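# Notes for the structure review
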Amino acid sequence: MSKVTSGINSTGHEIIVNVSNDYYQAFITIIVHDADTVIKMDELTEALKKKNITFGIDNNALDKIIQSPTLAENVLVAQGKPHVNGIDGEITYNFNMDMKAKPTMNADGSVDFKNMNFLQTCFKGDVLATRTMPTEGSLGMTVTEKNIRPKPGKIVNFKFGKNIEQTEDGLSIVATETGSIQLEGERVSIIKVLEIKDDVGIKTGNIEFRGKVIINGNVTTGHSVIADDEIIINGIVEGATVKTTGNLFINGGVQGHDQAELNVGGNLVSKFLNNANIYCKGNIEADAIMHSTINCDGSIVVTGRKALIVGGEINVRYNITARVIGSEMGTMTKLRMGVDSTVMNEYQKHLEEVKDMKETITKLSQASRMLRKQFDQTRNPEIKAMLDKTEISRTDYTRQMAEASQKLRDVTDLIETLKGSQVKSNEIFPGVKIRMGNSYYNVKARLDHVIIKRDEGDIRAVSY
């Protein structure tokens, strides 16, 4: 502290003024040499003036000193206004910044090592981070009336890469694509392609990714891979779950151990499919299909060295082409083709709906004409209310009939498309059972170079 002393005056006292190092506070101490000393206000103000103390003077504190000078020791008599430094800007991330794979803690306290939080996904338009801008702070004023400027807060800038953009106000960053979040230091990006160098297993846990996935190893038993785009697996799929809305390519094949589950929104291409449960919206192509349960909305083509289908149950809407179907051992192999009773029942249902609605609309039209004629003659409000109600019903039924008619056309188109479904093979062995629509064909003797198709309600085998 700095110090000023007024000296010993005629009444026998000494006034000492101390100022804090930051000049935001001033203090007075009275040293009394005479018990009868009297201190006047102008003495105190004069002592403060000598130290240029003119701001924030506390007159109440000065009064107390005058009243009890012997108690005046380091009394706070002036208080400045301290400056307030600005607050630094700050970024708040809306995702977990710790991107390391960690097991999931379950509610019961157990640990799930399959869900390792390997990835954090987001949708297009998601806000990934927001920031607050720094403040300027506020001026300070010393007891000597000197302005003290504050230190302004520091601005923090977003660090972002691909598929990220900053909002117009500069306060947020958002994803411009659906994908997974990638973090390099504090740099945020959205990736559309995820490449895993090794197996999907204990180290990675389950994979769920909104984009294309490339796996250079295997997908091991008990784990899953789910993607919103194409999946390429260069190894083998074991007893695992693989789901994609796009195509699925499995270069090593599927050794499913009756546990593999494949759900494919596009086409499926695999070296082989063994002991797997498969649903595929597109076509399936493989070198061999063995002991698997398959539902395919497209066609199945088995080509290559083996070109074999044996065992299991295959449901396919269009065609099956293979070099060998079944085996010399008579292995039960079930093939189900084209339109089945479910589709035909749906067709019949929509047909009856359209017929009934047409009849109802005809009756409502007749009633409407009659009521309109009566209203024109009588102007009776009750008849008008009945007419309005009838017209509303007729409009509603007309809309419903349009929807049912469209469904009927869709099913009719499907039936027409599926009429030509067939099985083509160089060799078909006994034990193979084929169903087309509601007709059945059991292979009782080996067939060579045949096309099996439905013709006029019956299933026929035609040589080629």
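Before reading further, recall that the structure is shown in the block above.
Quick caveat: nothing in here was measured; it's all calculated off a predicted structure. (Residues numbered from 1 in each chain as written. Predicted model: local features only at pLDDT ≥ 70, side-chain atom pairs only at ≥ 80, totals over all residues. Heavy atoms only, no water.)

### So, helix α2 (residues 59-67)
Keep this limit in mind: Partly exposed residues are those whose accessible area sits between 20% and 50% of the maximum for their type, while under 20% is buried and over 50% is exposed, using a 1.4 Å probe and protein chains only. Secondary structure elements are defined from DSSP: runs of H or I of at least 4 residues count as helices, runs of E of at least 2 residues count as strands, and each element is numbered from the N terminus. The arc in question is formed by the directions pointing from the helix axis toward the C-beta atoms. Two N or O atoms form a polar contact when they lie within 3.5 Å of each other; inside protein one atom must be a possible hydrogen donor and the other a possible acceptor, and for residues adjacent in sequence the pair counts only when both atoms belong to side chains.
A61, L62 and I65 are the residues of α2 that are buried. Buried residues along α2 cover an arc of 100° about the axis, so they all sit on one side. Exposed side chains of α2 directed beyond 90 degrees from the buried face belong to N60, K64 and Q67. The backbone nitrogen of N60 has a side-chain oxygen 3.1 Å away, supplied by the residue at the start of α2, namely D58.

### Topic: a nonpolar patch on the surface
To be explicit about the condition: Each patch is built from residues that are more than 30% exposed by relative accessible area and take part in no salt bridge. Like charges join if they lie within 9 Å; nonpolar side chains (Val, Leu, Ile, Met, Phe, Trp, Tyr) join within 5 Å. Here, Shrake-Rupley sampling with a 1.4 Å probe gives the accessible areas, and only protein chains in the shown set may cover a residue. Salt bridge criterion: a side-chain nitrogen from Lys or Arg within 4 Å of a carboxyl oxygen from Asp or Glu.
On the surface, M133, I155 and L171 cluster together to form a nonpolar patch covering roughly 240 Å² of accessible area. For M133, the location among the structural elements is in the loop between β10 (127-132) and β11 (137-138).

### What to know about helix α1 (residues 41-50)
Buried within α1 are the following residues: L44, A47 and L48. Buried residues along α1 cover an arc of 100° about the axis, so they all sit on one side. Along α1, the residues that are exposed and aim more than 90 degrees away from the buried face are D42, K49 and K50. Just downstream of α1, N52 is the residue with a positive phi angle, here 60°.

### Notes on the packing of aromatic side chains
For clarity, the cut-off: Any pair of Phe, Tyr and Trp rings, taking the six-membered ring for Trp, is counted once the centres come within 6.5 Å. Such a pair is stacked with planes under 30 degrees apart, edge-to-face with planes over 60 apart, and tilted for the rest. Each ring is checked for a lysine NZ or an arginine CZ that lies within 6 Å of its centre and within 35 degrees of its normal; such an atom marks a charge sitting over the ring.
Taken as a whole and assessed by the stated rule, the structure comprises 1 aromatic pair. Aromatic side chains Y93 and F95 sit 5.7 Å apart centroid to centroid with 70° between the ring planes, which places their arrangement in the edge-to-face category. Under the relative-accessibility criterion, F95 is labelled buried at 12%. The side chain of R210 reaches across the aromatic face of F123, ending 3.6 Å from its centre.

### Side note on the sheet that holds strand β16 (residues 179-184)
Rules: Two strands pair if DSSP finds at least two bridges between them.
Here we have 3 strands laid out as an open sheet, ordered β9-β16-β17, and antiparallel in their pairing. A single partner strand is all that each edge strand has here, and the edge strands are β9 (121-122) and β17 (187-191). Bridging between β16 and β17 involves 5 bridges; their strand directions are antiparallel. Looking across to β17, one finds that E184 is bridged to R187.

### Describing the sheet that holds strand β14 (residues 164-166)
Going by this rule: Between N-to-C directions, angles span 0 to 180 degrees; the directions come from axes that are lines fitted to C-alpha atoms, helices contributing only their stretch in contact.
The sheet built from 4 strands is open, its strands ordered β6-β10-β15-β14 with antiparallel pairing. At either end of the open sheet lies a strand with only one pairing partner, and these are β6 (90-93) and β14. Sheet twist, expressed as the mean angle between neighbouring strand axes with direction ignored, is 20°. Relative to β10, β6 runs antiparallel, the two being bridged by 4 bridges. Following the sheet pairing, Y93 is matched in β10 by A129.

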